[in-house]
Amino acid sequence: MKNSFLKSLVLIITFIFIFNLNISAQVDPVLLSGLKARSIGPSSMSGRIVAVDSVASNPNIIYVGAATGGVWKSTDAGLTWEPVFDDQPVSSMGAIAINQSNPSIVWVGTGEAAPRNSCGVGRGVYLTIDSGKSWKLLGLEKTEKISKILLDPNDPDTAYVAALGTTWGENPERGVFKTMDRGKTWEKVLYVDEKTGVADMAMAPDNPNKILAALWQHRRWPWFFKSGGPGSGLYMTLNGGKDWKKLTHEHGLPKGELGRIGVAFATTKPNIVYALVEAKDNVLLRSEDGGYNWKVVNNKEEVSNRPFYYQRIWVNPVNENIVYMLHSRMMVSEDGGQSFTNLPSFTQAHSDFHALWIHPNGERMIVGNDGGVVISHNRGKTWRFVENLPFGQFYHVSFDMEIPYNLYGGLQDN
């Protein structure tokens, strides 16, 4: 009896499978060829921005990179936007770098560098030499996430890439990569191990061969996230990556294992450098000798906001004591990092900030957060929200049976 039942069940399943195959085979592709996707909104809600760059000589030209929405360009100071990366086989961005001496050349590093459990995955470095009309893949496809690209201002063919590596496993394609032939070949100039990538880099404004690189050991599992480990640390090179020196507690960094670090030089006084350090007790450090030695300037709770997701810092180009720290709030200090206040307010911008570009005049700022882009022309006194960048991240979509039917979506952080 049991065997008879099993035979009947197998026959039924086989019949259903064959029947479904026949139905699928009968669908004429021509009937579907005219279907095209169209945007149905929401019309005034954007999504996570992880990279921003603009042309200093013409700040009306702006490029922004989305967590999973490609690269968008504006030529009118953010009033209108055009997607310029949609033809490429990757949508997650990590870094954008414009060649300021020739703004037609733009480098893009793919793969979101804020490794939450829903972050996007990249496929290497891309380059355009015609302002985004066409793109060329330059390699480094297995780096998965690129956090920063630094360009040598004296040599348009030389660039440094900070590769964060895989989030859910280990891989050797991480560290600092350098090219001296515009991406034709790459050399890995700084590497610790397959668990440690580069979370941030900063180039000295007065010496393109001097670079600080923040190495970060991290790993995510379905049930746990580990930020920090023996691989993490702050490294310095004075000869364009040929040699590196690891900075330790003897130079003023915290003792013990470190996590993610953000670094920034002051433009007008490059001997002033800041480092936002994840450690047992998170701290903001300041160096007054170009990064060789460090002192704690702030160890309050305000510097310890989810370092794995944020941990970036900027210095105003005209004042070395004005410091911007981006995390769930955008915060500003006007006393060299000793104290911070919120900028902008909750009514002016969405929370969770990731990207910032500051014009050399120190006034115009373009900021990317989990809700899109906001722009200020007066150093943050007022802000304009860019409402027409349609790349919100939907985690779930559903519908009901009403007439007309309604669509429902779970929009990340909104």
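Above this text is the structure in question.
Residues numbered from 1 in each chain as written. Predicted model: local features only at pLDDT ≥ 70, side-chain atom pairs only at ≥ 80, totals over all residues. Heavy atoms only, no water.

Asks: A description of a nonpolar patch on the surface should follow, citing residues and the corresponding values.
Replies: A cluster of nonpolar side chains, namely Ile40, Phe399, Met401, Tyr405 and Leu407, defines an oily patch on the protein surface of about 640 Å² accessible area. Within the element layout of this structure, leucine 407 appears in strand S31 (residues 407-411). Take leucine 407: its relative accessible area is 46%, and that puts it in the partly exposed class. (Patch = residues over 30% accessible without salt bridge, like charges linked within 9 Å, V, L, I, M, F, W, Y side chains within 5 Å. Areas by Shrake-Rupley, 256 points an atom, 1.4 Å probe, with all protein chains shown as cover. Salt bridge = Lys/Arg side-chain N within 4 Å of Asp/Glu carboxyl O. Helix = DSSP H or I, 4+ residues; strand = E, 2+ residues; numbered from the N terminus. Buried < 20%, exposed > 50% of the residue type's maximum accessible area, 1.4 Å probe, protein only.)

Asks: Please give an account of the packing of aromatic side chains that cites residues and values.
Replies: Taken as a whole and judged by the stated rule, the model has eight aromatic pairs. An angle of 80° between the planes, with centres 5.2 Å apart, marks the rings of phenylalanine 85 and tyrosine 126 as edge-to-face. With a gap of 41 residues between them, phenylalanine 85 in the loop between strand S4 (82-83) and strand S5 (93-98) and tyrosine 126 in strand S7 (residues 125-128) connect regions that are remote in the sequence. One exposure class covers both phenylalanine 85 and tyrosine 126, and it is buried. Taken together, Trp216, Phe225, Phe308, Tyr309 and Tyr310 form an aromatic cluster joined through their ring pairs. One Lys or Arg, lysine 188, reaches over the ring of tyrosine 191 and ends 4.0 Å from the middle of that ring. (Phe/Tyr/Trp six-rings, centres within 6.5 Å; stacked < 30°, edge-to-face > 60°. Lys NZ or Arg CZ within 6 Å of the ring centre and 35° of its normal.)

Asks: I'd like a rundown of the pattern of salt bridges, residues and numbers included.
Replies: Enumeration over the complete set of coordinates arrives at ten salt bridges. One salt bridge connects aspartate 157 with arginine 182, and the closest N-O pair in it is separated by 3.1 Å. Taken together, the residues aspartate 157 in the loop between strand S9 (146-151) and strand S10 (159-163) and arginine 182 in the loop between strand S11 (175-179) and strand S12 (187-190) connect sequence positions 25 residues apart. Here arginine 286 makes a salt bridge to glutamate 288, at a shortest N to O gap of 3.2 Å. With a relative accessible area of 56%, glutamate 288 lands in the exposed category. Each of Lys148, Asp200 and Arg312 takes part in one network of salt bridges that share partners.

Take it as geometry only, folks, not as evidence of what the structure does.
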